[in-house]
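# Residue-level structural notes
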Amino acid sequence: DTEVTQTPKHLVMGMTNKKSLKCEQHMGHRAMYWYKQKAKKPPELMFVYSYEKLSINESVPSRFSPECPNSSLLNLHLHALQPEDSALYLCASSHSGSSTDTQYFGPGTRLTVL
Amino acid sequence: GDSVTQMEGPVTLSEEAFLTINCTYTATGYPSLFWYVQYPGEGLQLLLKATKADDKGSNKGFEATYRKETTSFHLEKGSVQVSDSAVYFCALSARAGGTSYGKLTFGQGTILTVHP
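Notes on the structure in this doc start here.

Analysis parameters
Residues numbered from 1 in each chain as written. Chains lettered and ligands numbered in written order. Predicted model: local features only at pLDDT ≥ 70, side-chain atom pairs only at ≥ 80, totals over all residues. Heavy atoms only, no water. Helix = DSSP H or I, 4+ residues; strand = E, 2+ residues; numbered from the N terminus. Buried < 20%, exposed > 50% of the residue type's maximum accessible area, 1.4 Å probe, protein only. Contact = heavy atoms within 4.5 Å. Pairing = 2+ DSSP bridges. Axes fitted to C-alpha atoms, helices over the stretch in contact; angles between N-to-C directions. Core = buried A, V, L, I, M, F, W, Y, C linked by side-chain atoms within 4.5 Å.

## Comments concerning the overall build of chain A
The secondary structure content of chain A amounts to zero helices and eleven strands. Ordered by position in the sequence, the α and β elements of chain A form the string β-β-β-β-β-β-β-β-β-β-β. Taking the principal axes of the C-alpha coordinates as reference, chain A spans close to 35 × 25 × 20 Å. By the burial criterion, 48% of the 114 residues in chain A qualify as buried. Contacts spanning at least 24 positions in sequence make up 54% of the contacts within chain A whose residues lie at least 6 apart.

Have a look at this one:
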């Protein structure tokens, strides 16, 4: 089973709201990732967690706050977002985070910020 | 830094036509190479991968060979179907600067439309 699940599928929020995106995998992977994908563009890496520790933060604004409660779960907490943050947010996981690993992606959460 | 260049699209083909999507890369070291496919409204699915020079990845009739001498990883399929219509991303995975963790760098994507 190579499934990564994400909830919710769609999210609409105002600029003053606080919301969270959730990602889950049961493949025993120890690395998890958040990507942001704008329309008609490739995904861009935001964060990497390896063994539940934040390993890479690609200079993402603090209004995005990741959390990895355990090796199967990854959250992205959102606060005071801007309309330009509207995008598809993709979660991925891989075996250990090595550069030879395959990253498996979830279906994404489509976020609209009003 | 690392980069991936894909042939510009969109690409429109008739069913059963031959498909080539060109992909070249720039990277230090020895990256792993991937093709991902994204269907409308969905996430990315791994299509195939290759981790070292001269490796050939293949899946569902698609093939790509890791060519180190030309820094290329072109995607080919002998006979496309309407169901192959999607966006195709070439990507490389290399160590993110100063760490041992892999970071995917994607090309811009190629939109493929196959007509009956």
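## Section: the sheet that holds strand β8 (residues 73-79) of chain A
All names here are of chain A. One open sheet holds the four strands; their spatial order is β1-β3-β8-β7, and the pairing between them is antiparallel. Strands with a single pairing partner mark the edges of an open sheet, and in this sheet they are β1 (4-7) and β7 (64-70). Looking at each pair of strands side by side, their axes are set apart by 20 degrees on average, direction ignored.

## Observations concerning the pairing of strand β9 (residues 87-94) of chain A
Residue and element names in this part refer to chain A. Within β9, eight of the eight residues are buried, which leaves it mostly tucked inside the rest of the structure. The pairing of strand β4 (residues 31-37) with β9 spans seven bridges and is antiparallel. Looking across to β9, one finds that K36 is bridged to Y89. As defined by bridge partners, β9 adjoins strand β10 (residues 104-105) across two bridges and the pair is classed as antiparallel. Its bridge partner lying in β10, S93 is registered against Y104.

## Here's the deal with the nonpolar core
If you look at the biggest cluster of nonpolar residues, it comprises 26 residues, and the most contacted ones within it are L19(B), W35(B), L48(B), F73(B), L75(B) and Y88(B). The element that contributes the greatest number of residues to this core is strand β10 (residues 86-95) of chain B, accounting for five residues. Beyond its immediate chain neighbours, meaning those up to four positions away, L75(B) contacts L19(B), T20(B), I21(B), W35(B), L47(B), L48(B), F62(B), E63(B), A64(B) and Y88(B). Membership of the second largest hydrophobic core comes to 23 residues, among which are C23(A), M32(A), L74(A) and C91(A).

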